Amino acid sequence: MIALPRLSFPLFLFLSIFTVSVRTNGAESLELLRRAQANDVDSQVNLAILKSLSGEVKDAHYWYRRAAKQNHPLASRMVGLNH
């Protein structure tokens, strides 16, 4: 079982709804990775969420940190929860 940080209910609800919209197929995943590597902050957060859902915690944290450096509020919150 994956240990998840405690989230407030509104944030949990937001992430639950939001993650449905970011699930992708293989080609979309490659495009998402390409955009994230090109410093697109929304792609970095979406990729971090996908990595979290698939249990790739270290990769997820890496992408959350990159997005947080660009002042993305959700990414900043997730980085703070993971420390």
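Residues numbered from 1 in each chain as written. Predicted model: local features only at pLDDT ≥ 70, side-chain atom pairs only at ≥ 80, totals over all residues. Heavy atoms only, no water.

A. Structural view of the overall build of the protein chain. The secondary structure content of the protein chain amounts to five helices and zero strands. Counting over 83 residues, the protein chain shows a buried share of 33%. Here the analysis covers contacts within the protein chain between residues at least 6 apart in sequence; of these, 53% occur between residues at least 24 apart. (Helix = DSSP H or I, 4+ residues; strand = E, 2+ residues; numbered from the N terminus. Buried < 20%, exposed > 50% of the residue type's maximum accessible area, 1.4 Å probe, protein only. Contact = heavy atoms within 4.5 Å.)

B. View of the pattern of salt bridges. If you walk through the whole model with that rule in mind, you get three salt bridges. Among the salt bridges present, the one from Arg34 reaches Glu31, with a minimum N-O distance of 2.5 Å. Residue Arg34 and its partner Glu31 are both found in helix 2 (residues 26–37); the two are separated by three residues, about one turn of the helix. Given the relative accessible area of 46%, Arg34 is considered partly exposed. One connected set of salt bridges, linked through shared partners, spans Glu31, Arg34 and Arg35. (Salt bridge = Lys/Arg side-chain N within 4 Å of Asp/Glu carboxyl O.)

C. Quick look at the nonpolar core. Core analysis: the largest hydrophobic core is formed by 16 residues, its most contacted members being Val45, Leu47, Ile49, Trp63, Tyr64, Leu74 and Ala75. At the level of elements, helix 2, helix 3 (41–53), helix 4 (57–68) and helix 5 (73–81) are the ones that each hand at least two residues to this core. Contacts of Ala75, omitting those with residues within four sequence positions, involve Val45, Tyr64, Ala67 and Ala68. (Core = buried A, V, L, I, M, F, W, Y, C linked by side-chain atoms within 4.5 Å.)

D. Here's a closer look at unusual backbone geometry. Phi is positive for Asn39, which is not a glycine, with a value near 70°. Tracing the backbone shows Asn39 in the loop between helix 2 and helix 3. Taking relative accessible area as the criterion, Asn39 reaches 43% and is therefore assigned partly exposed. Of note in this structure, Asn71 is not a glycine but carries a positive phi near 65°. Within the secondary structure, Asn71 is located in the loop between helix 4 and helix 5. For Asn71, a relative accessible area of 66% corresponds to the exposed category.

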